[in-house]
There are 2 protein chains.
Amino acid sequence: MFWLNGEILEGPAAPFDLTDRGLLLGDGLFDTSLVLGGTIFRGKAHLDRLFEGLARIGIEADHDAIERAAADLSQRGEKGVLRISVTRGPGPRGLRPAKPQLPTILASLAPLVETLFFAPLSLSLTAIRRNETSPIARLKSVNYLDAVLAAGEAATKGFDEALFLNCAGKVCCAAAGNVFAVFGRDIVTPPVGDGILPGILRGLILAELGGREASLSLPDIGAADALFVTNSVRLVAPVTRIGDRTMDSAKSGVVAGLQQKVWQAIRAECAIDLSFSAGGLRPNERA
Amino acid sequence: MFWLNGEILEGPAAPFDLTDRGLLLGDGLFDTSLVLGGTIFRGKAHLDRLFEGLARIGIEADHDAIERAAADLSQRGEKGVLRISVTRGPGPRGLRPAKPQLPTILASLAPLVETLFFAPLSLSLTAIRRNETSPIARLKSVNYLDAVLAAGEAATKGFDEALFLNCAGKVCCAAAGNVFAVFGRDIVTPPVGDGILPGILRGLILAELGGREASLSLPDIGAADALFVTNSVRLVAPVTRIGDRTMDSAKSGVVAGLQQKVWQAIRAECAIDLSFSAGGLRPNERA
């Protein structure tokens, strides 16, 4: 299901302006969130981050329309992965934007792949560094080709995801997710200044579940008791392998505890009564 | 005039697949070239670079169709700025491409702004670094948001263009063009490995007009006799100011000589009989 500038569409084909700067220049941001029970988990945090990002890069989009897209798709779709993209809209040739801007708001609700929830994954270090000098390292922009290339290379080598360092050699993030390291009871993730997106799950763990920010080196994460990756579709994914090295993250009590707490938060906020297991969601046994 | 997957369109609105990975992930490349007299200047070099880039990132596009787009628009339009964009095409949610790929080929011919030819410009140093660790630093990908932001910031400060350093602090390029420094008769531009696009005008100056590659520092370019920026729409643009410092590049005999030679190459290849002046093109006085 799709939503384009106010219209709900069943299929992906729609009249589109081929001078759209999102398409031609990557001049746009997006957001990906989890919809369950017709509710976007941490919907306000997702929209706030998107609005802040749009303000940061000067895209003058209609917040009400973006909220309408989110509400229309989440309520109709009941469950799925919601993606909202906002571009600076059509423009003349060249880098300078049109005045006034007519931003494009595009959203979709894709099927949920419940088996991804909490599923362990393997990481392969990419030689592509994350550029912490760029504002877009901290924004969910549509400039995702580095991530596409790194993830593709990781898949070719038999890994699930790529691990990025920044240009200063510090650990950053996965191609599509934040990275956390566990040392004893200490749960650590790199600060935004190191060139990472402030993920919504990451924010929940920092604000409510005892995580803290600190820069991490490769030796640091090599010495960690567990590693995990967070995003809105994998939730909390233990890292079982990083390059040649296997890790016991899937057996970590700290990681399992976070998974339980995140799931409880989702169940509560989305008012659903489901349990998760490796096989996906099922009716809550305690219900 | 537009061209989308084989069809010529007079206007920019067209049925488009909203799952296109160029639009959603920046998963695509483009090329911008100059059309005069129905001929794309250095057309083969432009297409070869595009094909090599597509191969580098694994986009399996139909070269014949791309050549057809280039030929259709250049021959019908007679003159203008040709842009060809090739994306990996539609795909499911997430970073992994669809198999098989169905790349999108999109082209446009925009009006020529002849007053841009050889026009002097000012440069403002941006704090955003060019990421030389990324393959896309050397490709004309649609991931242009850094350039959009840097150029916008430069414009706000009253400059025409932004100057990028790379993450190692070396001089790279403008937001939309290569940078050359002139020392006496020595014409120097940074090597591709420093994180720059191998521009077609740049290639012409290196291969045929006596330029050479060498890394440049900010002090190096501060000590240069002249600086200029090259791209396919500005051609050879002398830099009159870089930050607070004014430069005499527009009075440089070396730069003027290159401008003449580039214009001669264009006239010969495109078989046009026009002179250029600050006011734009006019019938060649010697004709």
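Residues numbered from 1 in each chain as written. Chains lettered and ligands numbered in written order. Predicted model: local features only at pLDDT ≥ 70, side-chain atom pairs only at ≥ 80, totals over all residues. Heavy atoms only, no water.

*Asks:* What's the story with the interface of chain B and chain A in this structure? I'm lost.
*Replies:* Accessible area lost upon the coming together of the parts serves often as the stated size of an interface. On the side of chain A, 59 residues touch chain B, which itself brings 59 residues to the contact. Summing both partners gives a buried area of about 4,300 Å² for chain B against chain A, and 69% of it is carried by carbon and sulfur. Considering only the side of chain B, the residues that lose the most area to chain A are Leu18, Arg93 and Leu145 of chain B, jointly responsible for 17% of the buried surface there. Taken together, chain B and chain A are joined by zero salt bridges. At the junction of chain B and chain A, the tally comes to 22 residue pairs in polar contact (both at pLDDT 80 or more). For the side of chain B that touches chain A, the elements supplying multiple residues, two or more each, are β1 (2-4), β3 (13-17), α1 (21-25), β4 (28-36), β6 (80-87), β7 (104-110) and α4 (145-156) of chain B. With seven residues, α4 of chain B is the single largest residue contributor to the side of chain B that touches chain A. (Contact = heavy atoms within 4.5 Å. Buried area = accessible area lost by both parts, 1.4 Å probe. Salt bridge = Lys/Arg side-chain N within 4 Å of Asp/Glu carboxyl O. Polar contact = N/O pair within 3.5 Å; in protein donor to acceptor, adjacent residues only side chain to side chain. Helix = DSSP H or I, 4+ residues; strand = E, 2+ residues; numbered from the N terminus.)

*Asks:* Teacher, can you tell me more about the environment of Pro120 of chain A here?
*Replies:* Residue and element names in this part refer to chain A. Along the chain, Pro120 turns up in the loop between β7 (104-110) and β8 (121-125). The partly exposed category is assigned to Pro120, whose relative accessible area is 44%. In this structure the C-alpha to C-alpha distance between Pro120 and Cys270, which are 150 residues apart in sequence, comes to 24 Å. Setting aside its immediate chain neighbours within four residues, Pro120 contacts Asp160, Pro238, Thr240 and Ala250. (Buried < 20%, exposed > 50% of the residue type's maximum accessible area, 1.4 Å probe, protein only.)

*Asks:* Looking at this structure, I do not really get the relation of the copies chain B and chain A. What am I missing?
*Replies:* These two copies of the chain differ by a rotation about an axis and a displacement along the same axis. By a simple turn and slide, chain B fits onto chain A: the slide is 0.0 Å along the axis, the RMSD is 0.0 Å, and the turn is 180°. Put plainly, the chains are arranged around a two-fold axis. When the interface residues of chain B are mapped onto chain A, 100% of them again fall at the interface, so both copies present the same face. (Least-squares fit on C-alpha atoms with pLDDT ≥ 70 in both.)

*Asks:* Explain the sheet that holds strand β2 (residues 7-9) of chain B here, please?
*Replies:* In a beta sheet, neighbouring strands are held together by backbone hydrogen bonds and run either parallel or antiparallel to one another. Residue and element names in this part refer to chain B. Read across the sheet, six strands follow the order β2-β1-β7-β6-β4-β5 without closing on themselves; strand pairing throughout is antiparallel. Here the strands that pair on one side only, and so sit at the sheet edges, are β2 and β5 (39-40). Packed onto the sheet, helix α3 (residues 63-77) meets β1, β2, β4, β5, β6 and β7 and runs at close to 15° relative to β7. (Pairing = 2+ DSSP bridges. Axes fitted to C-alpha atoms, helices over the stretch in contact; angles between N-to-C directions.)

*Asks:* Is there a simple way to explain helix α5 (residues 200-208) of chain B in this structure?
*Replies:* Buried within α5 of chain B are the following residues: Ile200, Leu201, Arg202, Leu204 and Ile205 of chain B. Of the residues trailing α5 of chain B, Gly210 of chain B is marked for its positive phi of about 90°.

*Asks:* Can you walk me through the confidence of the model for chain A in this structure?
*Replies:* If pLDDT is low for a region, its predicted coordinates should not be looked at in detail. Taken as a whole, chain A shows an average pLDDT of 95; of its residues, 96% reach a score of 70 or greater. What the predictor reports for the complex is a pTM of 0.96 with an ipTM of 0.95. (pLDDT = per-residue confidence, 0-100.)

*Asks:* Sorry if this is basic, but what is going on with the packing of helix α2 (residues 43-56) of chain A against helix α3 (residues 63-77) of chain A here?
*Replies:* How two helices sit against one another is set out by the angle between their axes and by the gap between those axes. Residues and elements named next belong to chain A. Where α2 meets α3, the axes come as close as 11 Å, and the angle between the chain directions of the two elements is 145°. Of the two elements, α2 crosses α3, and the hand of that crossing is right-handed. Residues Leu47, Leu50, Phe51 and Leu54 of α2 form the contact with α3, whose participating residues are His63, Ile66 and Glu67. Broken down by class, the residue content of the contact of α2 with α3 amounts to five nonpolar, one polar and one charged. (Left-handed = near helix turned anticlockwise from the far one by under 90°. Nonpolar A, V, L, I, M, F, W, Y, C, P; charged D, E, K, R; others polar.)

*Asks:* Would you take a moment to explain the side chain of Ser74 of chain A for this structure?
*Replies:* Residue and element names in this part refer to chain A. With respect to the secondary-structure elements, Ser74 resides in helix α3. A distance of 3.3 Å separates a polar side-chain atom of Ser74 from the backbone oxygen of Ala71. The contact partners of Ser74, leaving out residues within four places of it in the chain, are Val35, Gly38 and Ile40.

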